[in-house]
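# Summary of the model geometry
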Amino acid sequence: MSVAVKAPAPAAAKGKGKGKGKASSAAPADDSLRHRAKARGLLNASNLPALQNLLKRDPASYEDDFKAQWNHYQSLSRIIKSDIGIGIGVDSAVSARVGDDPSNPSSSKNPGAMPMRMSKDEHNRYLGLLAFVAQLTPSYPHIAKGFPEEIADMLLHHHSALTPDIRMSCVKSLVLLRNRDYLSSEELLRTLLPLLSLTTSATLRQLVQRTILSDLKTANLKSQNLKLNRMAQGWLFSLIQKGIEAGKVASTSGNGVSIAEAKSKTAADNRMKTEALWAVRLACELWRKHIWRDAKTVQILAEGCFHPHPKVQSSCIRFFLGDLHSSENTGEESDNAGSDSDEMSAQAPDMSRLKHQRKVKKKTKSGDKKVRAGAARAKKINKQKQSEKEEGNGQMNAVALDLLHDPQTFAEKLYDMLRIGDKKYPIELKVRIMQLLSRVMSLNKSTVLGFYSFVVK
């Protein structure tokens, strides 16, 4: 009986197999980040998130790749600029319309009826490249020089010609550059503050308002940032002062105006009313959050009491009467903007529903965790509502009234406004003006003799 013996494998074959295995597992000779990225397909131009990660890790090695994406961004940006009437090129986009007034519709072209030459794919590609460039501009400042100025110019001077997606992406890009300390707070607020009255999108307006409040809170966290506060307070004061001066001019001008002039005047009045409402709203929010508690903030709101629009007057008067929550709602009703407390109330958990689900469903640790988290959030929201209720309980804002620059002059101007507008103002506003005037006279020992006979009458 013969037994078959298996022949051993040749040594050469074994060696060849081992060599092959070593060759497959060994690292390549050029073991660099670029080689590995190329092997894994990370340098694909359409894979922007992966490419962005590589460029952030080693900016010097991937400068050519960023230049390629930057050139692509500029080519798509030129298409948009040609559609909305901006000169081609970053420098011309910034300098061509420096003297334009963003609030004047005739100062910029509005191609709302013009068909965009950019396809949907190119539009989406532009949005992706916009976020990509914003992420990497701090790493390549010499290449992307002028990028923030270009974005700010498009938002302020050609806001109505941009699509909502592009507007939102531009604002988010500026916020990202501020978070990366590439932009200063002054540069960011110079763009975002005028944008509050320009935009008609509630979502964008809420983002802008939250960003402004957050940036000012961060800037004044350790100590008062006097330079930034002066700039923001001066802008808010100028918005209110502009409406007051326009009201004086309108009262002294004649009635013989054409229909076109009347329409333009109505549009200008609405614009100034919106700007003043947002100025008052921001000042009230900053006061309520204990960010601005100085005499300049009080002066802004004291000036707003004499604005020609009744809603602006009512909001400022309610601030001094201690009804902060109502003064915020005045701006909200006019501009459809939700406050932080309204957002929290909308997200308040339904505890009865959570407890019922906990009873009927399977008992798990995650379910217990959800119930505890919901109870903690509901407690926080109820506490905030209670504090807002105590703030708006009708007691006067004595701290603000104490910071008035000239209480006697303020009281006299309130009485003149009450006397002249006796038939013009509604009874609710007249009662609030009388309440504020009596509190100013009582707290500051002021005297307005005509007010007593007016009350008796």
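Not measured: the values here are computed from a predicted model.

## Side note on the overall build of the protein
Within the protein, the secondary structure is distributed over 22 helices and zero strands. When burial is assessed residue by residue, the protein has 42% of its 457 residues classed as buried. A separation of at least 24 residues holds for 72% of the contacts in the protein among residues at least 6 apart in sequence. When the accessible surface of the protein is split by element, carbon and sulfur atoms take 54% of a total near 25,300 Å².

## With respect to a positive patch on the surface
Among the surface-exposed residues, R190, K227, R230 and K296 lie close enough to one another that they form a single positively charged patch. Secondary-structure assignment places R230 in helix α11 (residues 226–252).

## Quick word on the packing of aromatic side chains
Inspection of the entire model under this criterion finds twelve aromatic pairs. Taking the centre distance of 5.6 Å and the plane angle of 10° together, the rings of Y73 and Y126 count as stacked. Of the two residues, Y73 is situated in helix α4 (residues 63–84) and Y126 in helix α6 (residues 120–136); the sequence distance between them amounts to 53 residues. Their ring planes at 50° and their centres at 5.9 Å tell us that F320 and F410 sit as a pair that is tilted. With a gap of 90 residues between them, F320 in helix α14 (residues 310–320) and F410 in helix α20 (residues 407–420) connect regions that are remote in the sequence. Of the residues examined, F410 reaches a relative accessible area of 6% and is grouped as buried.

## Focus on the pattern of salt bridges
Within this structure, the stated rule accounts for seven salt bridges. Notably, a salt bridge pairs E63 with K67, separated by 3.8 Å at the nearest N-O pair. Residue E63 and its partner K67 are both found in helix α4; the two are separated by four residues, about one turn of the helix.

## Points about the nonpolar core
Ranked by size, the top nonpolar core spans 98 residues in total, and within it F147, F320 and L436 carry the most contacts. With ten residues, the top contributor of residues to this core is helix α12 (residues 259–288). Every residue in contact with L436, bar those within four places of it in the chain, is listed here: C305, I317, F320, L321, L401, F410 and L414.

## Examining the environment of Y73
By relative accessible area, Y73 is classed as buried at 0%. Y73 sits 56 residues away from L129 along the chain, and the two C-alpha atoms are 6.0 Å apart. Aside from chain neighbours lying at most four places away, what touches Y73 is Y126, L129, L130, V133, F147, E150 and I151.

## Details of the side chain of N220
Counting through the fold element by element, N220 comes out in the loop between α10 (202–219) and α11. Residue N220 is classed as buried on the basis of its relative accessible area of 10%. A polar atom in the side chain of N220 sits 3.0 Å from the backbone nitrogen of N225. Once residues lying within four places of it in the same chain are set aside, the contact partners of N220 are N225, N229, I291 and W292.

## Thoughts on the confidence of the model for the protein
Per-residue confidence for the protein gives a mean pLDDT of 76, with 70% of residues at or over 70. Contacts of residues 1–31 to residues separated by more than four positions or lying in other chains number four contacts, the stretch itself having pLDDT below 50. In this model, residues 87–115 is a region of pLDDT below 50 whose contacts with residues beyond four sequence positions or in other chains number 40 contacts.

## Comments concerning the side chain of S185
Along the chain, the position of S185 falls in helix α9 (residues 185–198). The buried category is assigned to S185, whose relative accessible area is 6%. Apart from residues lying up to four places away in sequence, S185 is in contact with R178, D215 and L228.

## Observations regarding α20
In this model α20 runs 20 Å from its N-terminal to its C-terminal C-alpha over 14 residues, within 8% of the 20 Å that 1.5 Å per residue would give. Of all the residues in α20, the buried ones are P407, F410, A411, L414, Y415, M417 and L418. End-on view of α20: buried residues confined to an arc of 160°, all on one side of the axis. Turning to α20, the residues buried within the fold contact α13 (295–304), α14, α21 (427–444) and α22 (449–456).

## Some thoughts on the environment of A302
Tracing the backbone shows A302 in helix α13. Since its relative accessible area comes to 5%, A302 is described here as buried. As for A302 and L401, which are separated by 99 residues in sequence, their C-alpha atoms are 9.3 Å apart. Setting aside residues up to four positions removed in sequence, A302 forms contacts with F320, L404 and F410.

## Considering the packing of α4 against helix α7 (residues 147–157)
Their axes nearest at 13 Å, the elements α4 and α7 cross at an angle of 20°. Here α7 runs roughly parallel to α4, going by the angle between their axes. Both α4 and α7 take part in a crossing whose hand is left-handed. Facing W70, Y73, S77, I80 and K81 of α4, the residues of α7 in contact are F147, E150, I151 and M154. Its residues placed into classes, the contact of α4 with α7 shows six nonpolar, one polar and two charged.

## Some words on α9
With 14 residues, α9 extends 20 Å from end C-alpha to end C-alpha; this agrees with the ideal 20 Å at 1.5 Å per step. Burial analysis of α9 places eleven of its 14 residues in the buried class, the great majority of the element. When α9 is considered as a whole, its buried residues turn out to be S185, E186, L188, L189, T191, L192, L193, P194, L195, L196 and S197.

Conventions adopted
- Starting afresh in each chain, residues are numbered from 1 along the sequence in its written order.
- In keeping with the model being predicted, local features are shown solely for residues with a pLDDT of at least 70 and side-chain atom pairs are shown and tallied solely at 80 or more, while totals for entire chains, interfaces and linings include all residues.
- Side-chain descriptors were evaluated using all non-hydrogen atoms of the structure, hydrogens and water having been removed beforehand.
- Secondary structure counts use DSSP, requiring at least four H or I residues in a row for a helix and at least two E residues in a row for a strand, with both numbered from the N terminus.
- Relative accessibility under 20% of the residue-type maximum defines a buried residue, over 50% an exposed one, and the middle range a partly exposed one, all with a 1.4 Å probe and only protein chains included.
- By definition in these notes, contact holds between two residues if any of their heavy atoms fall within 4.5 Å.
- Only the protein chains shown count as cover for residues, and all accessible areas are computed by the Shrake-Rupley method using a 1.4 Å probe.
- Like-charged residues are merged into a patch within 9 Å and nonpolar side chains (Val, Leu, Ile, Met, Phe, Trp, Tyr) within 5 Å, provided each residue has over 30% relative accessible area and no salt bridge.
- Within this document, salt bridges are pairs made up of a side-chain nitrogen of Lys or Arg and a carboxyl oxygen of Asp or Glu, the two lying within 4 Å of each other.
- Under the convention used here, Asp and Glu are negative, Lys and Arg are positive, and both His and the chain ends fall outside the count.
- A charged residue contributes its charge at one atom only: NZ of Lys, CZ of Arg, CG of Asp or CD of Glu.
- Here a Phe, Tyr or Trp ring, Trp counted by its six-membered ring, pairs with any other such ring whose centre lies within 6.5 Å, and the pair is stacked when the planes are under 30 degrees apart, edge-to-face when over 60, and tilted otherwise.
- Definition of nonpolar core: a set of buried residues of the types Ala, Val, Leu, Ile, Met, Phe, Trp, Tyr and Cys, connected through side-chain atoms within 4.5 Å.
- We define a polar contact as two N or O atoms separated by no more than 3.5 Å, with the added condition that, inside protein, one atom must be a possible hydrogen donor and the other a possible acceptor, whereas residues neighbouring each other in sequence contribute only through side-chain atom pairs.
- One number per residue, pLDDT, summarises how confident the predictor is, and it ranges from 0 to 100.
- How far a helix is expected to stretch is found by multiplying one less than its residue total by 1.5 Å.
- The reported arc concerns the directions from the helix axis to the C-beta atoms and nothing else.
- In this analysis, axes come from line fits to C-alpha atoms, helices being fitted only over the stretch in contact, and the angle between any two N-to-C directions falls in the range 0 to 180 degrees.
- What sets the label is the angle itself: under 35 degrees gives roughly parallel, over 145 gives roughly antiparallel, 65 to 115 gives roughly perpendicular, and the rest give oblique.
- Handedness of a crossing follows from how the near helix is turned relative to the far one, being left-handed for an anticlockwise turn of less than a right angle and right-handed for a clockwise one.
- Residues are sorted three ways: Asp, Glu, Lys and Arg are charged, Ala, Val, Leu, Ile, Met, Phe, Trp, Tyr, Cys and Pro are nonpolar, and all the rest, Gly among them, are polar.

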